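Structure at a glance
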Amino acid sequence: MYATRPGALPARFRRTRVLLVGCGDVGLRVAQALPAGLRLLALTSSAERIEELRERGITPLLGDLDDGRSLRRLSGLCSRVIHLAPPPDEGWRDTRTLALTRALRLRSLPQALVYGSTSGVYGDCRGDLVNETRAPRADTPRARRRVNAEDAIRFLGRARQVRGTILRIPGIYATDREGGTPRARLLKGTPLLEARDDVYTNHIQADDLARACIAALWRGKPQRVYNVNDDSGLKMGDYFDLAADLYHLPRPPRVPRSLAKDQLPLLLLSFMSESRRMDNTRLKRELRLRLRYPTVATGLLAPLPKNSASAGQA
């Protein structure tokens, strides 16, 4: 009968294959939310995760984004790809996304590729309302690596007619996600900026993010960018005050920016150097995503699901 290599069977006899690249917490939520009847595969660099993925109905593929030769088996394997793996920790380029796109080009290309980027590519917008037409102005090496990855996705899409979709993602939270709520930082009493110095921050609940990835996989327009955030529009201090009130904990102290550098961790300071309000109109209109958690107030009060288990990194 038919050969067993990928692509040998007529399309009507094949199950749609979806490849997850970066199968941490959000990737596993995507896997759980995908419709039944799909064949789901996931790239993993850890042999220890193979059994876990199989138990979840995911076919594991051992490979490393830092080793391009190990990715050759991905070519021609799946018709749709969701790429959620982070860039390397150093440098100005995302060599991992470049290695992935090179591997995908070796044989028949996927129809759709969704890439999870970051809202940090916008840089500091001084509190402006930001939609997807605003040009990126990444101010940190971390965000510049993401811009480089976005460029690689666009290049693949335009040169090889792949429907590439870029999701710009802000802070991810969930009550069943490791470190997914402000509770631990509230218990530490970490200070925040005074209201006059405070910055706008944006959020998305992890399950809504997974649903956005799936919507983009089928509804995203070619080479299109989507802001993936909820409707909250809060400043950082207001977000933590809200969480403190919901959890019946003391509100964090406030300090002026002039004193913040002496009292706050460098990573937190870097987030406090940028302020923007993200417009999610395109997410709702084009991807037709109806948020289950439209505000952080609803998301932070969401009950833990039965048999909930946090699953690593996003």
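Residues numbered from 1 in each chain as written. Predicted model: local features only at pLDDT ≥ 70, side-chain atom pairs only at ≥ 80, totals over all residues. Heavy atoms only, no water.

We now examine the overall build of the chain. Looking only at helices and strands, the chain has 11 helices and 15 strands in total. Taken over C-alpha atoms, the radius of gyration comes to 20 Å for the chain, in line with the 20 Å a tight globule of 314 residues would show. Overall, the chain is about 70 × 40 × 35 Å in size when its C-alpha atoms are taken along their principal axes. Put simply, the chain has 314 residues, and 50% of those count as buried. Long-range pairs, those at least 24 residues apart, make up 77% of the contacts in the chain between residues at least 6 apart in sequence. (Helix = DSSP H or I, 4+ residues; strand = E, 2+ residues; numbered from the N terminus. Rg over C-alpha atoms; globule rule 2.2 N^0.38 Å. Buried < 20%, exposed > 50% of the residue type's maximum accessible area, 1.4 Å probe, protein only. Contact = heavy atoms within 4.5 Å.)

If you look at the biggest cluster of nonpolar residues, it comprises 33 residues, and the most contacted ones within it are Leu20, Val30, Ile58, Ile82 and Leu167. Every element with two or more residues in this core is listed here: β1 (17-21), α1 (25-33), β2 (39-44), β7 (163-169) and α6 (206-219). Ranked by residues supplied to this core, first place goes to α6 with eight residues. Excluding residues within four positions of it along the chain, Val30 makes contact with Leu20, Ile82, Ala210, Cys213 and Ile214. Core analysis: the next-biggest nonpolar cluster, separate from the first, contains 24 residues, Leu19, Val21, Ala149 and Val162 among them. (Core = buried A, V, L, I, M, F, W, Y, C linked by side-chain atoms within 4.5 Å.)

Moving on: the confidence of the model for the chain. Per-residue pLDDT for the chain averages 91, and the proportion of residues at 70 or more is 92%. The low-confidence segment residues 1-7, where pLDDT is below 50, has nine contacts with residues more than four positions distant or belonging to other chains. This model gives residues 308-314 a pLDDT under 50, and the stretch forms 16 contacts once residues within four places in sequence are excluded. (pLDDT = per-residue confidence, 0-100.)

The next thing to look at is the sheet that holds strand β3 (residues 59-62). Taking strand neighbours across the sheet as the criterion, the seven strands line up as β3-β2-β1-β4-β5-β7-β12 in an open arrangement whose pairing is parallel. For this open sheet the edge positions go to β3 and β12 (224-227), each flanked by a neighbour on one side alone. Direction aside, the axes of adjacent strands within the sheet are offset by 20 degrees on average. Sheet analysis places strand β5 (residues 112-118) next to β7, joined by seven bridges and oriented parallel. In the sheet register, Leu113 faces β7, and the bridge partner there is Gly164. (Pairing = 2+ DSSP bridges. Axes fitted to C-alpha atoms, helices over the stretch in contact; angles between N-to-C directions.)

Our next topic: unusual backbone geometry. If you check the backbone angles, Arg126 has positive phi at about 55 degrees while not being a glycine. Here Arg126 lies in the loop between β5 and β6 (129-130). With relative accessibility at 74%, the residue Arg126 sits in the exposed group.

A full pass over the atoms with the stated rule returns zero disulfides. Its sulfur unpaired, Cys23 is 11 Å from the next cysteine sulfur, which belongs to Cys213. A relative accessible area of 5% means that Cys23 is categorised as buried. (Disulfide = S-S within 2.5 Å.)

The subject of this paragraph is the pattern of salt bridges. Tallied over the entire structure, the rule returns 23 salt bridges. Across the salt bridge formed by Arg29 and Asp25, the nearest N and O atoms sit 3.0 Å from each other. Of this pair, Arg29 and Asp25 both sit in helix α1, four residues apart, roughly one helical turn. Here Arg276 ties to Glu274 by a salt bridge, and the two come within 2.9 Å at their closest N and O atoms. For Arg276, a relative accessible area of 9% translates into the label buried. You can call Glu274 buried: its relative accessible area is 11%. Through salt bridges with shared partners, one network takes in Asp25, Arg29, Asp176, Arg177 and Asp207. (Salt bridge = Lys/Arg side-chain N within 4 Å of Asp/Glu carboxyl O.)

Looking now at the pairing of β2. With five of six residues buried, β2 is to be regarded as a mostly interior element. Two strands pair when backbone bridges link them, and β2 and β3 are joined in this way by four bridges, in the parallel orientation. Bridging across to β3, Thr44 finds its partner in Leu62. You can see the chain leave β2, run along helix α2 (residues 50-55) and come back into β3, and the turn it takes is right-handed. (Right-handed = clockwise from strand over helix to strand, strands pointing away.)

Across the 10 residues of helix α3 (residues 95-104), seven count as buried, placing the element largely inside the fold. Of all the residues in α3, the buried ones are Arg96, Thr97, Ala99, Leu100, Thr101, Ala103 and Leu104. Looking at the packing, one finds that the buried side of α3 touches β1, β4 (80-83), β5 and α4 (141-160). Structurally, the start of α3 carries an N-cap: the backbone nitrogen of Arg96 is 3.1 Å from a side-chain oxygen of Asp94. (Polar contact = N/O pair within 3.5 Å; in protein donor to acceptor, adjacent residues only side chain to side chain.)

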